[in-house]
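Breakdown of the fold
The primary structure of each chain is shown beneath.
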Amino acid sequence: MTAKAERVRRIGWYAALVVASLVTVLCVSLLFAAFRNDSAIEAQLGQATAQVESVSFDRTIINYATPDGIMHSPANGVLYPAGLAAGQLVNIEYDAGDPELARVAGRSGSNTLLPLGSMVFFTWLIAGPLLWWIRRQNARSRVESAA
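Residues numbered from 1 in each chain as written. Predicted model: local features only at pLDDT ≥ 70, side-chain atom pairs only at ≥ 80, totals over all residues. Heavy atoms only, no water.

- As recorded in an unreviewed UniProt entry, the protein chain goes by DUF3592 domain-containing protein and comes from Amycolatopsis speibonae.

1. Comments concerning the overall build of the protein chain
- Along the backbone of the protein chain there are two helices and five strands.
- N-terminal to C-terminal, the α/β element order of the protein chain is α-β-β-β-β-β-α.
- For 147 residues, the compact-globule estimate of 2.2 N^0.38 gives 15 Å, and the C-alpha radius of gyration of the protein chain, at 23 Å, exceeds that figure by more than 25%.
- The C-alpha extent of the protein chain, read off along each of the three principal axes, is 80 × 30 × 20 Å.
- By the burial criterion, 31% of the 147 residues in the protein chain qualify as buried.
- Partitioning the intrachain contacts of the protein chain with sequence separation of at least 6 by distance along the chain shows that 65% fall at a separation of at least 24.
- When the accessible surface of the protein chain is totalled, it reaches about 9,300 Å², and 65% of it is carbon and sulfur. (Helix = DSSP H or I, 4+ residues; strand = E, 2+ residues; numbered from the N terminus. Rg over C-alpha atoms; globule rule 2.2 N^0.38 Å. Buried < 20%, exposed > 50% of the residue type's maximum accessible area, 1.4 Å probe, protein only. Contact = heavy atoms within 4.5 Å. Areas by Shrake-Rupley, 256 points an atom, 1.4 Å probe, with all protein chains shown as cover.)

2. Details of the UniProt feature "transmembrane region" (unreviewed entry) in the protein chain
- Those places that UniProt annotates as "transmembrane region" (unreviewed entry) correspond, in this numbering, to residues 12-35 and 113-134.
- Taken as a whole, residues 12-35 contains 100% helix and 0% strand, while its terminal C-alpha atoms sit 35 Å from one another.
- Along residues 113-134, the helical share is 100% and the strand share 0%, with 31 Å between the first and last C-alpha atoms. (UniProt positions renumbered as here; feature names shortened; annotations may be inferred.)

3. Notes on the pattern of salt bridges
- A complete count under the given rule lists four salt bridges for this structure.
- The partner of arginine 103 in a salt bridge is aspartate 38, and the shortest N-O contact between them spans 2.9 Å. Here arginine 103 is found in strand E5 (residues 98-104), whereas its partner aspartate 38 is found in helix H1 (residues 3-43), with 65 residues between them in sequence.
- For aspartate 38, a relative accessible area of 4% corresponds to the buried category.
- Overlapping salt bridges bring together Asp38, Glu42, Glu93 and Arg103 as one network. (Salt bridge = Lys/Arg side-chain N within 4 Å of Asp/Glu carboxyl O.)

This is the structure:
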């Protein structure tokens, strides 16, 4: 093989490694962020009943009133909204210091373990053999060029 083909494979190897590593770092960061949000909510726990206004791919919008009578609708939606439907009443827990941070009652950051763990697992399930194959092709190319 030519030096150009080996260079292309080397770049592909680094690209696959960087992408897989980036996905892993992002998933771990997201997990830590979920536990940080839960910690903030539990530090100043407020509870309310909220009405689900809309459910979309990227967020679930709710409306709820705090004990002081102010209505809140978190712009980023509620945390851990799986299974909610528009018009539904749901118990929530929120950070009394920052009512924009709310989660469905009884749910926590541990709900993110399975999806994030699966994402990391399948990323490396694809990247691992790809990295091995590219490395093997480069080694084979070096042996052929030495002979």
